[in-house]
Every structure is written in structure tokens, then in C-alpha cells.
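Chain by chain, the residues:
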Amino acid sequence: MSLRIAEIFGPTIQGEGALIGEPTVFVRTGGCDYRCSWCDSLHAVESRYRDTWAAMSDEAVWDEVLRLSGGQPLTVSLSGGNPAIQDFAPVIARGRAAGYRFACETQGSVARPWFAELDTLVLSPKPPSSGETVDWDAFAACVRAGSAARQTVMKIVIFDGTDYAWARDAHARHPELPLYLQPGNPEVDPETPVDPQALADRLGWLVERTMADTWFTPRILPQLHVLIWGNKRGV
Ligand SMILES: C[S@@+](CC[C@H](N)C(=O)[O-])C[C@H]1O[C@@H](n2cnc3c(N)ncnc32)[C@H](O)[C@@H]1O
Ligand SMILES: Nc1nc2[nH]cc(C(=O)O)c2c(=O)[nH]1
Ligand code: SF4
Ligand SMILES: [Mg+2]
């Protein structure tokens, strides 16, 4: 079985959530069951980019991770697109045997047995601004599939007050998951520079809003890679 891969890049730092700042190689798959209005990775989602995706064997994917990491074990981040629509069990087995760790970013719409082999499962349910609707039964199945992972966390992107209120409800559904909030980046075109002050203002608004509610549960973080490199791909 081959994997549909949009890009493999790094080493870089994980820019978001629980592993922020951690050195990592990204494996970004092609194809997604969602179409979020503000997706920052449309080149790995929309079928018009299909020609740019490669069909790679498990071995070829693993060889590229080895090459990029110089054979030094680190955390491999599976993202996409939705990596959960493909079978990563063989790649994870190879990597773990070589001492590598694995994290996976997924929206929580499709559960996979290989979630149990992860070090970090990041479930990122989509708030109203995305235009998508969460199937909470499917999400709970992802949490169960990841129960043997070292950690499972919830990461929610917030664009506005409606998303914020929704995040509070989402947390109430899964209070067992450590919660990370990140402000949405409204500018996702790789050719257009981001406005760092506008991003800082969104982060400030989110922090102030959360503190005003004395809601001390979530960690609130920027997208560090966006602050450094904007919307550039492959970083
Ligand atoms: C591109 S997605 C790929 C993995 C998976 N499909 C998902 O959504 O979790 C990786 C992460 O980027 C976040 N993200 C996507 N577009 C964003 C934006 N415009 N601003 C902030 N975060 C964004 C997603 O919510 C997710 O947490
Ligand atoms: N540096 C860096 N950190 C990230 N965290 C989540 C990313 C993603 O697109 O899944 C991402 C990404 O593309 N680059
Ligand atoms: S689920 Fe993730 S990859 Fe898919 S459209 Fe939404 S943000 Fe993009
Ligand atoms: Mg990204």
C-alpha cells in the first residue's frame, strides 16, 4: 500500500500546541475529509493539487525522514490534510524500532488503531468559523483509539467570540484532554506576508477574553512558525 504525500520537510520546530518548540520532521499527507474555510494547508487538501502529491511506499517515506533527520531520532509529526484517512502503522513501526517518536495532528473525524502507537495525538475539532460540523461520536472514537498513546490533547483554533464559546463547550465534553487554544490566522495565502501585529492582537484578545472569564484551564499559544516564517510552505 502506498501513502499519498503532499510534502515531507524539516527538521524544523513544532510551531503549535503541546510540543511547541520541539525539533521535528513533518510528513504532510494529501487529502482531507473536511474543507475548513480558513485552512492554511489547502495544497494538501484540494483535489486541484493532486498532481503535486506523490504516491510513496512506507519505505520511501521512512527513508526520507531518515535522510532529513540525519538518522538522529526525533519526533516525526504526521499532518495533512487528514493523516487519519491513511495507514501509518508500518511507518510508525519502523520509526519506533529506530528510536523515533511520533505525533499526529488530526481533526478527530476518523479513528485509527495506529493512534495507540503514537506518543502524542493532537485532536483539533473544528469550531463554527470553519464551516464544518463536528461528529462528536467519531471524535470520542478517536479519543478511545488514542487511549494507549502517551498523551492525547485537544487543540482548538479560535477566530471570534462564537468559536471561544464553542471551545468552552468542547472542553466540557472532553475535560480529560489537556486543552490548547490558538488564534486563527486569517491570511493563508503563501504569497501574502502575514501582519505580525494583527496576529499579536488576535492572541492578546484571546488571552484577555480567557482571563476575564477566569478560565484557567487552557494553554494559549501563537503559531510560532507563522511568527517566524509567515505562511511559507515546508517550514
Ligand atoms: C492544516 S491542519 C492538518 C491536520 C488536521 N487536518 C487538522 O485540522 O487537525 C493542522 C493544524 O492547523 C490548524 N490550522 C489550519 N488553518 C489554520 C489557520 N488559518 N489558523 C490557525 N490554525 C490553523 C488546524 O486547526 C490544525 O490544528
Ligand atoms: N513548524 C510547523 N509547525 C506546525 N504545527 C502544525 C503544523 C501543521 O500544518 O500541521 C505545522 C507546520 O506546518 N509547521
Ligand atoms: S481539517 Fe485540517 S487539513 Fe482539513 S481542511 Fe480543515 S484545517 Fe485543513
Ligand atoms: Mg500548518
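Remember, it's a predicted structure, so these values are computed and weren't measured experimentally.

### Quick word on the overall build of the protein
Here is step 1 of the chain: Along its length, the protein carries six helices and nine strands.
Here is step 2 of the chain: For 235 residues, the compact-globule estimate of 2.2 N^0.38 gives 18 Å, and the protein sits close to it at 17 Å.
Here is step 3 of the chain: When the backbone C-alpha atoms are referred to their principal axes, the protein occupies close to 50 × 40 × 35 Å.
Here is step 4 of the chain: The contacts of the protein with a sequence gap of at least 6 include a subset with a gap of at least 24, amounting to 72%.

### Some words on the environment of Arg 209
Here is step 1 of the chain: Positionally, Arg 209 belongs in helix H5 (residues 196-212).
Here is step 2 of the chain: Along the sequence, Arg 209 and Gly 161 sit 48 residues apart, while their C-alpha atoms lie 8.8 Å from each other.

### Examining the UniProt feature "domain: Radical SAM core" (unreviewed entry) in the protein
Here is step 1 of the chain: Under the UniProt annotation, "domain: Radical SAM core" (unreviewed entry) lies at residues 19-231.
Here is step 2 of the chain: For the annotated span residues 19-231, helix accounts for 31% and strand for 19% of the residues, and the straight-line distance between the end C-alpha atoms is 20 Å.

### Notes on the UniProt feature "binding site: Mg(2+)" (unreviewed entry) in the protein
Here is step 1 of the chain: As annotated in UniProt, the feature "binding site: Mg(2+)" (unreviewed entry) corresponds to Ser 41 in the numbering used here.
Here is step 2 of the chain: If you trace the backbone, Ser 41 turns up in the loop between strand E2 (23-29) and strand E3 (54-57).

### Looking at the nonpolar core
Here is step 1 of the chain: In this structure, Val 27, Val 61 and Phe 102 are the most contacted members of the largest nonpolar core, which totals 47 residues.
Here is step 2 of the chain: Per element, the largest residue contribution to this core is five residues, and it comes from strand E7 (residues 151-158).
Here is step 3 of the chain: In contact with Val 27, not counting residues within four places along its chain, are Ile 5, Ile 8, Val 61, Val 65, Val 76 and Leu 78.

### Notes on the site of ligand 1
Here is step 1 of the chain: In the neighbourhood of ligand 1, 19 residues make up the surrounding shell, with Asp 40, Ser 41, Glu 105, Ser 124 and Asn 185 lying closest.
Here is step 2 of the chain: Elements represented by at least two residues in the shell around ligand 1 include exactly strand E5 (101-106) and E7.
Here is step 3 of the chain: Partitioning the shell around ligand 1 into residue classes produces five nonpolar, eleven polar and three charged.

### Section: unusual backbone geometry
Here is step 1 of the chain: In the segment running from Gly 10 into Pro 11, the intervening peptide bond is cis, with an omega of -5°.
Here is step 2 of the chain: With respect to the helices and strands, the residue Pro 11 is situated in strand E1 (residues 2-13).
Here is step 3 of the chain: Here the phi dihedral of Thr 214 falls at roughly 45°; this positive angle occurs in a residue that is not glycine.
Here is step 4 of the chain: Along the chain, Thr 214 turns up in the loop between H5 and strand E9 (219-220).
Here is step 5 of the chain: Assessed through the 6 C-beta atoms surrounding it within 10 Å, Thr 214 is described here as exposed.

### Examining the site of ligand 3
Here is step 1 of the chain: Residues in contact with ligand 3, as listed here, are Cys 32, Tyr 34, Arg 35, Cys 36, Cys 39, Ser 41, Val 45, Gly 80, Gly 81, Asn 82 and Gln 107.
Here is step 2 of the chain: The class makeup of the residues in the shell around ligand 3 is five nonpolar, five polar and one charged.

What counts as what
- Residues numbered from 1 in each chain as written.
- Chains lettered and ligands numbered in written order.
- Predicted model: local features only at pLDDT ≥ 70, side-chain atom pairs only at ≥ 80, totals over all residues.
- Helix = DSSP H or I, 4+ residues; strand = E, 2+ residues; numbered from the N terminus.
- Rg over C-alpha atoms; globule rule 2.2 N^0.38 Å.
- Contact = placed C-beta atoms within 7 Å.
- UniProt positions renumbered as here; feature names shortened; annotations may be inferred.
- Core = buried A, V, L, I, M, F, W, Y, C linked by C-beta atoms within 7 Å.
- Buried ≥ 20, exposed ≤ 12 C-beta atoms within 10 Å, placed from the backbone.
- Near = placed C-beta within 6 Å.
- Nonpolar A, V, L, I, M, F, W, Y, C, P; charged D, E, K, R; others polar.

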